[in-house]
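Observations on the three-dimensional arrangement
As a plain string of letters, each chain reads:
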Amino acid sequence: ILTQNIDAFHSMAGSRNVIEIHGNMYRMKCTGCSYARSYENYEGFEIPPSCPDCPSMVRPDVVLFEEQLPLDAVNELYTQLEKPFDLVISIGTSSHFPYIIEPVRMAFQRGIPTIEINPSTTSISPIVDVKLEMGAKDALEQLWPLEIAASS
């Protein structure tokens, strides 16, 4: 699962092999040293939160505007794209960035089925096999019973 979300919901829901391309708001990192730690919430943090190892500030380990994507997440994405896969689903993204477009484009070139769930037309809309013009919540609520029926 490749996600731009920073809320860790995929992992909390039990998904494995999640690539959090924009980071995770529950991981904190120091702006001055190598300190990094995960937290369940921000309870007890002073404002601004300070590093326990140095005089610098800690911040959520997320990608902010104009920052680079985490190299380990990008490398993992491209490692996964080299493996065979059965289906690519793009859900609720504007598809403006290469790391979002590339998996769909590669699947299209390989003849692997693709689905886009988005009420808007995006750059990948012309190449997907199935386009569901609806919001993610509505689409997934309708698809959920299909998954249960298929597994029984």
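Everything that follows concerns the structure shown earlier in this document.
A few points on the structure. Position labels on residues start from 1 in each chain and follow its written sequence. Per-residue local features are limited, in this predicted model, to residues with pLDDT of at least 70; the limit for side-chain atom pairs, both in listing and counting, is 80 or more; totals at the level of whole chains, interfaces and linings are taken over all residues. Hydrogen atoms and water are omitted, and side-chain values are computed over all heavy atoms in the structure.

Details of the sheet that holds strand S3 (residues 23-30)
When DSSP finds at least two bridges between two strands, those strands are taken to pair. By definition, any uninterrupted DSSP run of H or I lasting at least four residues is a helix, any uninterrupted run of E lasting at least two residues is a strand, and each is numbered from the N terminus. Taking strand neighbours across the sheet as the criterion, the 3 strands line up as S4-S3-S5 in an open arrangement whose pairing is antiparallel. Each edge of the sheet is formed by a strand with only one pairing partner; in this case those strands are strand S4 (36-38) and strand S5 (58-62). This sheet shows a mean twist of 35° between the axes of neighbouring strands, independent of strand direction. Here S3 runs beside S4; their pairing, made up of 3 bridges, is antiparallel. Counted as the bridge partner of Lys29 is Ala36 from S4. In this analysis, axes come from line fits to C-alpha atoms, helices being fitted only over the stretch in contact, and the angle between any two N-to-C directions falls in the range 0 to 180 degrees.

Side note on the nonpolar core
One finds Ile19, Ile21, Ala73, Leu77, Leu81, Tyr99, Ile100 and Met106 forming the largest nonpolar core, which totals 8 residues. Of all elements in the fold, only helix H2 (71-81) and helix H3 (98-110) reach the threshold of two or more residues within this core. In this structure, Ile21 is in contact with Leu2, Thr3, Gln4, Val63, Leu69, Pro70, Ala73, Val74 and Tyr99, ignoring residues within four places of it in sequence. The term nonpolar core refers to a set of buried residues drawn from Ala, Val, Leu, Ile, Met, Phe, Trp, Tyr and Cys, joined through side-chain atoms within 4.5 Å. To sort residues, take the accessible area from a 1.4 Å probe on protein chains only and compare it with the maximum for the residue type: under 20% means buried, over 50% means exposed, and anything in between is partly exposed. Within the second largest apolar cluster, 6 residues are counted, among which are Val88, Val104, Ala107 and Ile124. Should any heavy atoms of two residues lie within 4.5 Å, those residues are considered in contact.

Observations concerning H3
In this model H3 runs 18 Å from its N-terminal to its C-terminal C-alpha over 13 residues, within 8% of the 18 Å that 1.5 Å per residue would give. Among all positions in H3, only Tyr99, Ile100, Glu102, Pro103, Val104, Met106 and Ala107 are buried. Buried-residue contacts for H3 involve strand S1 (2-3), H2, strand S6 (88-91) and strand S7 (114-117). Backbone geometry just after H3 places Gly111 at a positive phi near 75°. Each helix should span, by expectation, one fewer than its residue count multiplied by 1.5 Å.

Comments concerning unusual backbone geometry
Put simply, Ile47 and Pro48 share a cis peptide bond, and its omega is -10°. Here Ala8, not a glycine, exhibits a phi torsion of approximately 65°, which is positive. Along the chain, the position of Ala8 falls in the loop between S1 and helix H1 (9-12). Under the relative-accessibility criterion, Ala8 is labelled buried at 8%. Its identity as a non-glycine residue notwithstanding, Ser95 has a phi of 55°, on the positive side. Counting through the fold element by element, Ser95 comes out in the loop between S6 and H3.

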